[in-house]
Structure formats: C-alpha cells, structure tokens
Amino acid sequence: IGMLKMDFLGLRTLTVIDDAVKMVRKLDPKYAEFDIEKIPMDDQKTYELYGNGDTVGVFQFESKGMQEYLRKLKPGRVEDLFAMNALYRPGPMQFIDDFIDRKFGRKEVVYLHPMLEPILKETYGIIIYQEQVMKIVSDLGGFSLGEADIVRRAMGKKQHDVMQEYKAKFVKQGKEINNIDEKVSDEIYEMIVKFASYGFNKSHSAAYSILSYQTAYLKAHFPAQFMASIMSSEINSSDRIVIYMEECKKLGLNVISPDINISFPDFSAPDTKTVAFGMHAIKNVGLNALESIVEARETHGKFDTIFEMMEKVDSRLVNKKVLESLIQAGAMDSLKGHRAQLFHAIDSASDFASKLSQNKHDENQVSLFGGAVETVKVSYPELPNVSEWSKLECLNKEKELLGFFVSGHPLAKYKSTLNLLNSIDFQHLDQTKNEQKGRLGGMIVSCRTILTKKGDKMAFLKIENFNGSFEAVVFPKTYTTHSEKLVDGAMLGFIGKLQFTDEKDIKIIVDDLFDLAEAESMFINQITIQLHTSQMNTESVSQLNKLLQNEVGELPVFFEIRSDECEKPIKMKSNKYRINSKSETIEMLRSIIGNEAVNVG
C-alpha cells in the first residue's frame, strides 16, 4: 500500500555510550567538548584492547570465544572488526582461522580473476559480505543491481533452480562483457555459492562494529567512566554487576561501596581511577529518597552525622525503612559512628527530624501573625553506646540488601584457590558441556535437608562464590560421610556432575566434597606453562624466570611451546625448575603470561 517499514533497535549500548560521554565531559575542562563521533578510528590503544582480548563490556565482542580469536587476529583497522563481527557466527566461523592466516601472510591470497581483487582485498580474498556477492555478479557478470540482489537472496535461501538459472547467465555475460574465460567464470560462481549462504550484511556489521569501537575506545581511555556507565545499565542484575566488579579490579579501578556522601542513584566515576557504587541498587531505597539525599548534599555539603542528614533531607521520603537499608548496605559508613550505632539511632534520628519539622511549622505560624522568631541552634542527640557488628554480620547484611558483597567477602582468603579449583567459566556457561564432570567451590548460604522415601537424609545447598551462585545436590551416601560440614557459612569445594538448566542456573550433583583449605594440596600435581613464540618478549621471559627461581617447591614444571611454523606444540619437562603449589604463586604466574597460558593438573 505504498508504506515503508523500518526497524529501530533500542540498544542499551547507546545509553551506555551517552552516559559515559557525559561523565567524561565532567572530568576536566579539556574534555568539555568531547564528542564520541569524532574519535580517531586508528587509535592504537583501542586496537591493543581488542588484540589482548580485554573486551568484557565491549559491545558485540565480549564472549570468550571472540576474545580468543581477537588475540589471534590482532585487529589493526576498523575493517578487521567488520569482518570478525560478520564471521563470528555459526557457519562462517569455520573461515576465521583462514582469514587470520591470510592477514598475516601465512596463507597466500589468490584471486581467480584480477577483477576480484578490489572487491575482496579488504577481506583477504574471502567472501564475507552479501554486498561482495552483489558486487561480483554485477561487475564480472554484468548483472543489474536488482538482478544481483535476486542472486544474493537465492543463494541465502538455497534456491538451487534460481542459482543454476543465473549461473548460465553469469558465465555467458562474463565472457561477452569482460572476456572472462567460461571455466574461470564457472569457478568464480561456485566460489560465490560456497560463501554466499554464510554472507552477512556488511552495513549491519559495520554499524555494530562502529558502536563496538566506541565502547572499546571509552574503555581504553576512560575505563572508570565506561565501567560506571555499563554497571548502571545492569543495576538490577546482580550476576552482571559481580562480573563487572571483577573487571574493574583487573583494570586497576577502585570500586567504592555505596556512600551517601559520594554516590548518586546510578554508578558514577568521581575520578579516573574510581567507580562509586550506585545507591539505587540497594533494596527498599526508592529513587525519590535518593534524589532528596543527593539534593541536600549538593546544597548543604557532605553530612557529618545521621542527625545532620535527617535535618537536611525530606524525612517523609527518607523514612525508617530507607535508613535501615542504607545503614546495612554500608552507605552511611562515612558518618560518625559504626553501623550498629547508626542502626540503633534510627528511631531517635527520625523523631529528631519530626520535631525539627514541627518546630519549623510552629515558627512559620508565629511569623505569619507577626511575632518575633528567635533562631535557635540545633543540638544533635548522642549516638547510642552499643557493640559493633562483626565483620561477617556486616557482610551478610550487605549481601541481603545489595545481592552481593561489596566492602569485602568471607571467601577473600580463598580467592586464588577458587580460581584454580573452579573448572567452569561463569561468564560463558554456554561453552560448558552439560553432564560433564567438574569442580566448583564456594560458601554455603543455605542448606535444606530432606528425607528420601527410604528415610535417608540428603541436602540441597545454595553455594556462592565471587562469580555468582549455584546449587549443590548431596545424595544420602555423600551426606552421611560429610553431614557435619554442611552448615551455613561453610567454605567447601565440590566434585561431581555439572548440570545447566539455562545460563543462570548451575547445579552440581556432588560425589565428594572437602574444605577449601585442603584444595591446593589435593588438586595441583604439576604446572604446564604455554608459551607462543610470537608473544614472547625479553621482559615477560625475565619476569617468568625470576618468579620460577623465587617460588621454589615440589611441583614439576612443563613448558608447552607453540609457534606459527609448527602444527603441534612442543612439550618439555623442566629439569631446572620446580615450583610451589601456593595459589598466590599461580596467580602471579598468570599475571605475567595470561590466565589461559597456565594450566594446573
């Protein structure tokens, strides 16, 4: 009926970019006119980020598989991103290694006809885009663009009769118009057919890649502002926030707990090295209450005591429930007194605010009828004298209000051990096989015991670690052996069969369990260090040598050397080095040569 249909994607990424840009502009007067549309498209720091696979949070390029290919590809121009975005899908993925080898000259780029070179040069002779298919049949076969589009659609839908019909025309017109040998035209057409079913729309890939480049540029140059922005976009997803908090640590950023004297409702970045937690992530705290707190702070300055805060804010919005949540989440730690004192002062602080409000009302009444009003200096009540909450109690209340720990973690001393122990990647569960044998570790946060039909006890455990949560099912035989360990707060490792109902639901059917303190001695028998000749340099080799000399132990060390010239890696056992099994040592090793280059077994 003559109407045009258009699709508009409401991408969260656009909001992430916009929010990050606004924070950048506030950083320093020199960034006041910062324009994301005018960033250089040849920025070395940005391409290094891609080449190192540091793409957590980077639009379209953050999956683990993509990160591995980026490390191989080492993108150096935006066209490489276009191609990788188009290739990283089922089907064309089989051509990625060939694409990378051609880029680095390990495989020769051969064109069946010279007219193909200007069309396929940017993709190293491989047909990746639908536009290339159309250009080939148009330029070499003399097709109109309308006919070229019919060929593209026929190939994509595998309409073999249409494809064969146009093949004859392509060969015939190729000879008549461009004097291309019929045999060569036939080969070219068959090559088109091979790749066309995988062909991707270049304009789509380019548009997405430009957005990706903008997010990568922000992450490379303004990491705090970018991470604050992306965490705000996921403020209601505790699983994603946990992942991004870990990424902040890798970037050397300090993530500070929610703080009424610093934070805003959303995540923010007060400087280039700090991400301030967004207070809107705290349960039971509404946006109106937070806006009242921020407005009072910006009008009167930072608060010193809970009573001063209640004097300045709208006490109808910042009620007792809000105060309870703010205190337990640690958002009022910058005020005088510890959390227990502040919590027990809630009633007196609320009463104080009510009386203050009533006094102001009475003063206004007197003033209305012409009476003199004396200005009385407000005297704040004293904080109650009560014992502090324990560190664990503080952390548990944080967890209850935020969904995760912020100011610390009960598992902190076992963090390195868990990195060695966990056999799955929580960020990329889709790449882990269901029903496979595996290991997981964490802290019991709840234990539900039931009786089977036979009257035997078994347990369902909810376990949490730095990456998220999972369920552990302990059947009667294992329960009988380890029942004394199955208590809330116990820090355990589990061996068993892994099951996944969806990406956020992990379950392990437990065969055996053990205290995390025993994990290092139980599972580390040797260390294999993987080195690729193209990635080795004097500095990293020197650091590696120094670490191996300083951390002497009983574990044998194996080296696995890889190179572009050899198909199979060369594996050698070191006669010189033996290393200790401390998880801290393994972490230092991984910091030098990368997580994936250090295997323990």
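Here goes a summary of the coordinates provided. (Residues numbered from 1 in each chain as written. Predicted model: local features only at pLDDT ≥ 70, side-chain atom pairs only at ≥ 80, totals over all residues. Heavy atoms only, no water.)

### A closer look at the sheet that holds strand 2 (residues 268-271)
Keep this limit in mind: Note on pairing: DSSP must find at least two bridges between two strands before they are called paired. Here a strand is any run of E in DSSP of at least two residues, a helix any run of H or I of at least four, and the numbering for each starts at the N terminus. Fitted lines through C-alpha atoms serve as axes, helices being fitted only where they are in contact, and the angles separating the N-to-C directions of these axes extend from 0 to 180 degrees.
The strand order across the open sheet built from 3 strands is 1-3-2, with neighbouring strands paired in mixed fashion. Both outer strands of the open sheet, strand 1 (254-256) and strand 2, are each paired with one neighbouring strand and no more. Pairwise comparison of adjacent strand axes, ignoring direction, gives a mean angle of 30° for this sheet. As defined by bridge partners, strand 2 adjoins strand 3 (residues 274-276) across 2 bridges and the pair is classed as antiparallel. In the strand pairing of strand 3, serine 268 is matched with alanine 276.

### Quick look at the pairing of strand 6 (residues 468-474)
The following threshold applies: For every residue, the accessible area obtained with a 1.4 Å probe (protein chains only) is divided by the maximum for its type, and the residue is called buried under 20%, exposed over 50%, and partly exposed between those limits.
Within strand 6, 5 of the 7 residues are buried, which leaves it mostly tucked inside the rest of the structure. Bridge count between strand 5 (residues 457-465) and strand 6: 7 bridges; the pairing is antiparallel. Looking at strand 6, one finds that glutamate 464 is bridged to serine 469. Taking the residues that link successive antiparallel strands as the turn, the strand 5-strand 6 hairpin has 2 residues. As paired elements, strand 6 and strand 8 (residues 505-515) share 4 bridges and run parallel to each other. Following the sheet pairing, valine 474 is matched in strand 8 by valine 510.

### Section: the packing of aromatic side chains
Our working rule: Only Phe, Tyr and Trp rings are paired, with Trp represented by its six-membered ring, and only when their centres lie within 6.5 Å; those with planes under 30 degrees apart are stacked, over 60 edge-to-face, the remainder tilted.
Under the defined criterion, the tally for this structure stands at 18 aromatic pairs. Look at phenylalanine 277 and phenylalanine 404: their rings are 5.7 Å apart centre to centre, the planes differ by 50°, and that puts the pair in the tilted class. Separated by 127 residues along the polypeptide, phenylalanine 277 in the loop between strand 3 and helix 14 (287-300) and phenylalanine 404 in the loop between helix 19 (391-402) and helix 20 (415-421) bring together distant segments of the chain. Owing to a relative accessible area of 0%, phenylalanine 277 belongs among the buried residues under this scheme. On the basis of relative accessibility, which here comes to 6%, the residue phenylalanine 404 falls in the buried class.

### A closer look at the pattern of salt bridges
The criterion, for reference: Salt bridge, as used here: a side-chain nitrogen of Lys or Arg that lies within 4 Å of a carboxyl oxygen of Asp or Glu.
For the structure shown, the criterion picks out 29 salt bridges. The shortest N-O distance in the salt bridge between aspartate 7 and lysine 5 comes to 3.2 Å. No difference in accessibility class separates aspartate 7 from lysine 5, as the two residues are exposed. Lysine 462 is the partner of glutamate 464 in a salt bridge, and the nearest nitrogen-oxygen pair spans 4.0 Å.

### What to know about the nonpolar core
Test applied: Among buried residues, those of type Ala, Val, Leu, Ile, Met, Phe, Trp, Tyr and Cys that are joined through side-chain atoms within 4.5 Å constitute a nonpolar core. A contact between two residues is defined here by any heavy atoms of the two lying within 4.5 Å.
By size, the foremost hydrophobic cluster in this structure holds 126 residues, and its most contacted members are Ile136, Ile192, Ile260, Val275, Phe277 and Met332. A total of 8 residues in this core trace back to one element, the largest contributor, which is helix 11 (residues 202-221). The contacts of phenylalanine 277, once residues within four sequence positions are left out, are Ile241, Met245, Val255, Ile256, Ser257, Pro258, Ser263, Phe264, Phe267, Leu402, Phe404 and Val406. By size, the runner-up hydrophobic cluster in this structure holds 20 residues, among which are Leu440, Ala459, Phe494 and Leu498.

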